[in-house]
Amino acid sequence: MPDHLHQEKSHMMMNPPLILFMFFLLSTTPHVTLSQDYVFETDKPKPDPTTAAAEPPESDTCNGIFLSYNFISRAKELPHLKNATAQSWAFKSVATVLNAGSEELKAWKMFIGFHHDEILVSASGAVVMDGSDFPVRVGGNGTYLSGYPQTDLKTAIETAGDFTQIEAEVEITGTQFGIRPPGFPMPKTIKLVNDGYKCPAPVTKGRSMHVCCIRDKKAKHNLTTTKFLPRQEGDLSLTYDIIQTYQSNYLAQVTIENKNPLGRLDHWNLTWEWMRGEFIYSMRGAYTHRKDVSGCLYGPASVYYKDLDFAPVMNCDKKPIISDLPQDREKDEKIGNLPYCCRNGSLLPTTMDPMKSKSVFQVTVYKIPPDMNRTALSPPQKWKINGVLNPDYKCGPPIRVAPTEFPDPSGLMVTTPAIASWQVVCNITRPKKTASRCCVSFSAFYADSVIPCNTCACGCEDTDTCNPNAGPLLLPSEALLVPFANRTAKAKAWARIKHFPYPKKLPCPDNCGVSINWHLNSDYKSGWTARMTLFNWEDYPFEDWFVAIRMDKASPGFENVFSFNGTRLSDNKTIFFQGLPGLTYLMGETNGTNPNRDPRVPGKQQSVISFVKKRILGLDIAHGDGFPSRLYFNGEECSLPTKLPSSYGRRFNTNLLSIVLVTIATFVLMMDHLS
């Protein structure tokens, strides 16, 4: 060691104050902690979301709607796992929507393409458009956010550049999985989904993403000429009209309209979420499932309404569940006596009865501070509606529309507009593979076996004793008449007779409340026939039932149906069936003749349907064209088999006379059974 270095080392070792000073400096220096999968600074203060979400300079050159997404931070959550893919992280981010254009943006809607199995825990300044409650899984498909309470964004021109009126900021917290360092868990894309705008691919720089969405010149729009958004089209339209308003309360009328020719609701239940502490004082035309005032007595409502008697209050829940009144209350002066009310929750499609496709009720709503004036009006959010064995509806957020005009009660040719109106549009979602409520089986005159409903077509809960992934076993036709629990012996015996293999662990049942058998009855030169049988395995009947079948090639040949009413719809691919007068009830399941010995018997209706082949080229009835490509029962899309009946190489020749005789015999036997 050189002499001068040796002397310097000796000096430091003999100078204790210097050593203590250096130790103090090292101990107070911010340190960096290395986690297993990600590096983040634990001793530095968390960044301020307002500062972190500052708009990039590109917003200055945007002449439209400027969207940005800024990733702020994340921290490892418990439990700590060695598998980086399974490790969860708590993350924070900020999304902004800035109106940098010259036209007001009404009811802004933004899509964020999350794809790291994210779970949103909160999103201040926005709600999930489909009405889902937090926490909500959004990874994979992303999510749509809409503004609340700031739904509209004015322009800088009309606000002198006031950012509080032209920009909406959404602070997002949630959980995500995966992403090894040094990558940032950014979404795939962000875009504006309002009508009339188009967005290019976003620009990503590190932990920031932005895009400028501009007016689509080819799109038709009238947002610049109207004060409110135009009413939207959808499968179900719900309107929230405020028809009277006072300082502390208001009267609202809710109208539910079925717009889909195949949509339907039975015993509907409607729910929403009060966002500003409101509660329901009274209702006409509907009622809530709970009459509990504890939310008012132990909440802010009791502090303000000190002298109010809460005994008559109908509901104080933040998320009330509302149902239609039964028919016997239609003329009740106190809780009924409204047009289109009191139908026990039935909303028929216009295809069946336009007068029964609408439902109306009124609700008196009390507010709490600071909304104590006549014009402080805010609709509830997160609307959801469902029925019994009906389609699933996904509802959007309430959109402010032009006030609804009502006829004046005086009878004069005068209309009275609502004080304010909002529209909620709900659309039918196609059921997932194992989330239907009804199913279809296929059979044919040339095949001995029935193709039963798919395994777990309507879901499976108990899979300990059955295989949810195994295909259904072929059945003899008589097995369709007995419940699934009584089919096991028949299915095994049929497999032994036909030399079909079957697994040791048998497939699970379909678990559907309604099943429909489509039987190809005949196929001849000029036409063909089918027999459709409906089975109700529920304990309750279906009133005014209907079935709609879609046949892509054969439906123009629909000729006649013998025990149902049948109509071909305007799309020329869908045939609509309903019961004849006196046969509109599909009865529920009942006990057998001897309940101790016989299985329960489903409610059943059937009819033969005839088709002609004239002017329809290329029909192959046995190989698909004679079977529906989609089938709906009471609006719900039913699960269809994945296979068609097979003749195993056998062909049968039939003549028209024999087909007519079979059809007549079937009709006579059926009418004799019904009588």
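Residues numbered from 1 in each chain as written. Predicted model: local features only at pLDDT ≥ 70, side-chain atom pairs only at ≥ 80, totals over all residues. Heavy atoms only, no water.

An unreviewed UniProt entry lists the protein under the name COBRA C-terminal domain-containing protein, with Stephania cephalantha as the source organism. In the Subcellular location (unreviewed entry) part of its UniProt record, the protein is described as follows: "Cell membrane". For the record of the protein, the UniProt heading Sequence similarities (unreviewed entry) holds the text "Belongs to the COBRA family." (UniProt positions renumbered as here; feature names shortened; annotations may be inferred.)

Enquirer: Please set out the overall build of the protein residue by residue, giving values where relevant.
Expert: The number of helices and strands found in the protein is ten helices and 39 strands. Among the 675 residues that make up the protein, the fraction classed as buried is 47%. Within the protein, residue pairs in contact and separated by at least 24 positions form 69% of the contacts whose partners lie at least 6 positions apart. Just so you have it, the protein exposes about 34,800 Å², and 55% of that area is on carbon and sulfur atoms. (Helix = DSSP H or I, 4+ residues; strand = E, 2+ residues; numbered from the N terminus. Buried < 20%, exposed > 50% of the residue type's maximum accessible area, 1.4 Å probe, protein only. Contact = heavy atoms within 4.5 Å. Areas by Shrake-Rupley, 256 points an atom, 1.4 Å probe, with all protein chains shown as cover.)

Enquirer: Give me the lowdown on the sheet that holds strand 11 (residues 190–192), citing residues and values where you can.
Expert: If you trace the four strands from one edge of the open sheet to the other, you get 7-9-5-11, paired in antiparallel fashion. Taken across any chain shown, the strands that pair with only one partner, and hence form the sheet edges, are strand 7 (126–128) and strand 11. On average, adjacent strands in this sheet sit at an angle of 30° to one another, irrespective of strand direction. One ladder, built from three bridges, connects strand 7 with strand 9 (residues 143–147); its direction is antiparallel. Bridge pairing links Ala126 to Gly147 in strand 9. (Pairing = 2+ DSSP bridges. Axes fitted to C-alpha atoms, helices over the stretch in contact; angles between N-to-C directions.)

Enquirer: Outline the packing of aromatic side chains, listing residues and values.
Expert: Enumeration over the complete set of coordinates arrives at 25 aromatic pairs. Both rings, one in Phe279 and one in Tyr305, keep their centres 6.0 Å apart while their planes meet at 90°; by these two values the pair is edge-to-face. Here Phe279, found in strand 18 (residues 279–284), pairs with Tyr305, found in the loop between helix 7 (300–304) and strand 20 (321–324); they are 26 residues apart in sequence, far enough to count as distant. With a relative accessible area of 1%, Phe279 lands in the buried category. On the accessibility criterion, Tyr305 (9% relative accessible area) is buried. (Phe/Tyr/Trp six-rings, centres within 6.5 Å; stacked < 30°, edge-to-face > 60°.)

Enquirer: Explain the environment of Ser607 residue by residue, including any values.
Expert: Inspection of the secondary structure assignment puts Ser607 in strand 37 (residues 603–612). Here Ser607 falls in the buried class, since its relative accessible area comes to 0%. In this structure the C-alpha to C-alpha distance between Ser607 and Phe564, which are 43 residues apart in sequence, comes to 6.6 Å. Among the polar contacts listed, one links the side chain of Ser607 to the backbone nitrogen of Ser563, at a separation of 2.8 Å. (Polar contact = N/O pair within 3.5 Å; in protein donor to acceptor, adjacent residues only side chain to side chain.)

Enquirer: Kindly report on the pairing of strand 27 (residues 420–429), identifying the contributing residues and their values.
Expert: Among the ten residues that make up strand 27, seven are buried, leaving the element largely enclosed by the rest of the structure. Of the strand pairs in this sheet, strand 15 (residues 236–245) and strand 27 are connected by seven bridges, and their pairing is antiparallel. Looking at strand 27, one finds that Ser237 is bridged to Val425. Sheet analysis places strand 23 (residues 392–395) next to strand 27, joined by four bridges and oriented antiparallel. Looking across to strand 27, one finds that Asp392 is bridged to Thr429.

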